[in-house]
Amino acid sequence: MAKKYILALDQGTTSSRSVIVDEKGVIIEIEQQEIQQIFPKSGWVEHNALEILETQVSTLKKVIEKANINVADVIGLGITNQRETTVIWNKNTGKPIYNAIVWQDMRTADVCEKLKKEGLENHIKQTTGLVVDAYFSATKIHWILENVPNAKVAAAKGNLLFGTIDSWLLWNLSDRKIHATDYSNASRTMLFDIKNLCWDETILAALNIPKSMLPEVKPSSFHFGNYILDGYKIPIAGIAGDQQAALFGQACFRKGEAKNTYGTGCFLLMNTGTELQFSKNGLLTTIAWGIDNKVYYALEGSVFVAGAAIQWLRDGLQIIKSAEESEAFALEVEGENPVIVVPAFAGLGAPYWDMYARGAIFGLTRDTGKNHLIKATLQSLAYQTKDLLVAMQHDAEIPLTSLKVDGGACENNLLMQFQSDILDVVVERPEITETTIMGAAYLTGICVGLWKQEEILSHRKIDKEFTPEYTVEKRDRLYKKWLKAVERSKDWID
Ligand code: ADP
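Here goes a summary of the coordinates provided.

Cut-off values and rules
- Residues numbered from 1 in each chain as written.
- Predicted model: local features only at pLDDT ≥ 70, side-chain atom pairs only at ≥ 80, totals over all residues.
- Heavy atoms only, no water.
- Pairing = 2+ DSSP bridges.
- Helix = DSSP H or I, 4+ residues; strand = E, 2+ residues; numbered from the N terminus.
- Axes fitted to C-alpha atoms, helices over the stretch in contact; angles between N-to-C directions.
- Contact = heavy atoms within 4.5 Å.
- Core = buried A, V, L, I, M, F, W, Y, C linked by side-chain atoms within 4.5 Å.
- Buried < 20%, exposed > 50% of the residue type's maximum accessible area, 1.4 Å probe, protein only.
- Salt bridge = Lys/Arg side-chain N within 4 Å of Asp/Glu carboxyl O.
- Near = heavy atom within 4 Å.
- Polar contact = N/O pair within 3.5 Å; in protein donor to acceptor, adjacent residues only side chain to side chain.
- Areas by Shrake-Rupley, 256 points an atom, 1.4 Å probe, with all protein chains shown as cover.
- Nonpolar A, V, L, I, M, F, W, Y, C, P; charged D, E, K, R; others polar.
- Right-handed = clockwise from strand over helix to strand, strands pointing away.
- 1 Å grid on protein atoms, 1.4 Å probe; cavity = no way out; pocket = protein on both sides within 12 Å on 5 of 7 lines; lining within 4 Å.
- Points joined across faces, edges and corners; volume = space filled by probe spheres on them.

### Describing the sheet that holds strand S2 (residues 15–22)
Right, so step 1: The six strands lie next to each other as S3-S2-S1-S5-S14-S13, forming an open sheet whose pairing is mixed. Since the sheet does not close on itself, it has two edges, and those belong to strand S3 (27–34) and strand S13 (221–229), each with one partner. Averaged over all pairs of adjacent strands, the angle between strand axes in this sheet comes to 25°, irrespective of strand direction.
Right, so step 2: The sheet contacts of helix H1 (residues 49–67) involve strand S1 (5–11), S2, S3 and S13, and relative to S3 the element is tilted by about 150°.

### A word on the environment of Ala 138
Right, so step 1: Locating Ala 138 in the fold gives a position in helix H4 (residues 137–147).
Right, so step 2: Distance in space between the C-alpha atoms of Ala 138 and Ala 240 is 18 Å, their sequence separation being 102 residues.
Right, so step 3: When neighbours within four sequence positions are excluded, Ala 138 is seen to be in contact with Thr 189, Met 190, Leu 191, Leu 207 and Ile 209.

### What about the nonpolar core?
Right, so step 1: Ranked by size, the top nonpolar core spans 54 residues in total, and within it Tyr 262, Val 342, Leu 389, Leu 403, Leu 415 and Met 416 carry the most contacts.
Right, so step 2: The biggest single contributor to this core is helix H12 (residues 370–396), with 12 residues.
Right, so step 3: Non-local contacts of Val 342, meaning those with residues more than four positions away in its chain, are made with Leu 348, Gly 359, Ala 360, Phe 362, Trp 482, Ala 485, Val 486 and Ser 489.

### What to know about the pattern of salt bridges
Right, so step 1: Scanning all chains against the criterion turns up 25 salt bridges.
Right, so step 2: Here Lys 66 makes a salt bridge to Glu 31, at a shortest N to O gap of 2.8 Å. With Lys 66 in helix H1 and Glu 31 in strand S3, this residue pair connects regions lying 35 residues apart in the sequence.
Right, so step 3: Under the relative-accessibility criterion, Glu 31 is labelled buried at 13%.
Right, so step 4: Taken together, the salt bridges that share partners define one network made up of Arg 83, Glu 84, Arg 188, Asp 242 and Glu 300.

### Section: the site of the ligand
Right, so step 1: Taken together, 14 residues surround the ligand, and among them Thr 264, Gly 307, Gln 311, Gly 408 and Asn 412 come closest.
Right, so step 2: Interatomic distance of 2.6 Å between a side-chain N/O atom of Thr 264 and an oxygen atom of the ligand.
Right, so step 3: Expressed as a share of its isolated accessible area of 580 Å², the protein-covered part of the ligand is 67%.
Right, so step 4: Among the elements that line the shell around the ligand, the one with the most residues is helix H10 (residues 307–316), at four residues.
Right, so step 5: Grouping the constituent residues of the shell around the ligand by class yields five nonpolar, eight polar and one charged.

### Describing the pairing of strand S22 (residues 427–430)
Right, so step 1: Here S22 shows no split at all, with Val 427 and Arg 429 on one side and Glu 428 and Pro 430 on the other all buried.
Right, so step 2: For strand S21 (residues 402–406) and S22, the ladder comprises two bridges, and the chain directions are parallel. Following the sheet pairing, Leu 403 is matched in S22 by Val 427.
Right, so step 3: Regarding topology, helix H13 (residues 413–423) serves as the crossover connection from S21 to the parallel S22, and that connection is right-handed.

### With respect to the environment of Glu 327
Right, so step 1: Mapped onto the fold, Glu 327 is located in helix H11 (residues 325–331).
Right, so step 2: Separated by 48 residues in the primary sequence, Glu 327 and Lys 375 have C-alpha atoms spaced 7.8 Å apart.
Right, so step 3: Each residue touching Glu 327, except ones within four places of it in the same chain, is listed here: Leu 378, Glu 411, Asn 412, Asn 413 and Leu 414.

### Quick notes on the sheet that holds strand S18 (residues 294–303)
Right, so step 1: Strands sit in the order S17-S18-S16-S15-S21-S22-S23 across an open sheet of seven strands; the sheet is mixed. Every interior strand has two partners, whereas the edge strands, strand S17 (284–291) and strand S23 (462–466), have only one. Taken pair by pair, the neighbouring strands of this sheet meet at an average axis angle of 25°, ignoring direction.
Right, so step 2: One ladder, built from five bridges, connects strand S15 (residues 257–262) with S21; its direction is parallel. By the bridge assignment, Glu 257 is partnered in S21 with Ser 402.
Right, so step 3: The strands touched by H12 are S15, strand S16 (266–273), S18 and S21; relative to S18, the strand with the most contacts, the crossing angle is about 140°.

### Focus on the layout of surface pockets
The rolling of a water-molecule-sized probe over the atoms marks out the regions of remaining empty space.
Right, so step 1: Estimates place the volume of the second largest pocket at around 350 Å³.
Right, so step 2: Considering the residues around the second largest pocket, the lining is formed by 19 residues, among which Glu 336, Asn 337, Gln 379, Phe 418 and Tyr 470 are closest to the centre.
Right, so step 3: Put simply, the parts of the chain that give the lining of the second largest pocket at least two residues each are H12, H13 and helix H16 (472–489).
Right, so step 4: Here the lining of the second largest pocket is built from residues that sort into eight nonpolar, four polar and seven charged.

### Some thoughts on the pairing of S3
Right, so step 1: Here S2 runs beside S3; their pairing, made up of seven bridges, is antiparallel. What sits directly across from Arg 17, in S3, is Gln 32.
Right, so step 2: Linking two consecutive strands that pair antiparallel, namely S2 and S3, is a turn of four residues; a positive phi of about 85° is found at Gly 25 within it.

Below you can see the structure in the form of structure tokens.
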């Protein structure tokens, strides 16, 4: 019998990637192309939506060629994508009416202020699970409609369609037939009622967004439509936003399981099961995925400065030459590190939310050296992750059962061991850290009947497990010191 393959696409902020995954869940080929970052003004970030489509299609064709497989053996296509990034296009011409406005773009901060003044903050929190912020798609759609000539008229006539990147790719790959998205992407628009699973009329009205522009919302593991390549029909059968896809790719299927991605920042998501939990600590509530007629929720929090603090050691202080080198220097510190670095370079995020805080270093003595500083900076990634997990556990009232890790800085063994020590849970690093794209592949493979969800657990190979070694006394004492340092770094800017 011919082998079967899944084609998975990862349309990220900096590149479009395509991979071929075989029946055993192994990535056999990868193809990647960078995309251009467009900065028209300070605080504005755009992508060319046509370039996104072209690079994605070109990498998917190339990866099939490179893997040397038959298109007929590709039995499913999955998509994961940078979340919140907004595209509006004309459904008759197929052309975007403006560049894609990227999640990082802050041009609509004033629209968010207006929504708050109109008293919508609480409504938005209760329906969408999000805090009012320019990150999310809603105010970006509003901006395009208000600022592109004739857009409002075209939208009112029903000629314009909105989509996050997954919808834009799906509509094009399905030969302009399917205008849909999945629950995880919809839950990042700040327009979607995550309890009743429908678009929210109140927010749409407040932003003058016609409902006719919005995609249909479907489960994440679902036969959305077909992509026809060389005469073969490939079912498009899995879609999820990048962080949720990573949660799925890490097989965090049960309540209380969480994953943390250690990149420039950290993205922490915890599966909270099928019941909706709102946060009292400034975390976001989001839909993890829809599968088997059920919707699963997650709590999400992010650390703004994680790997970025290591970059600061390298480029700012210039006390290391590469991020990897940080581990060897940190290992030179014997015993407990008396130094604490709070990298609140741009204020403190969840659960503190203090934009007036600034970075600080505590515990300096005459014999403090660069190794202490390097180790303390690494440890700050783990302390900040603990802050988020403590808040999540309060909100969800469920204990953390395990932490699965990915992202560039998870390669640092000292950091991972300290993460386990300070959390008192096992930290599990998978062999394949391509968890995001694997999440899309798994959602697709499950839909087309290649795998069962439980089977995926057996696909995952663990590279290394870090088990906690600290005593309760030591852990509590160190964490108290960190909390004291955070308190002292608050409210620094007048
Ligand atoms: P992103 O996707 O946000 O660009 P990556 O997942 O590629 O991030 O991870 C890169 C980040 O991780 C950088 O900020 C870098 O400083 C940090 N990093 C990479 N390797 C290590 C390491 N061995 N130890 C500590 N930090 C690391």
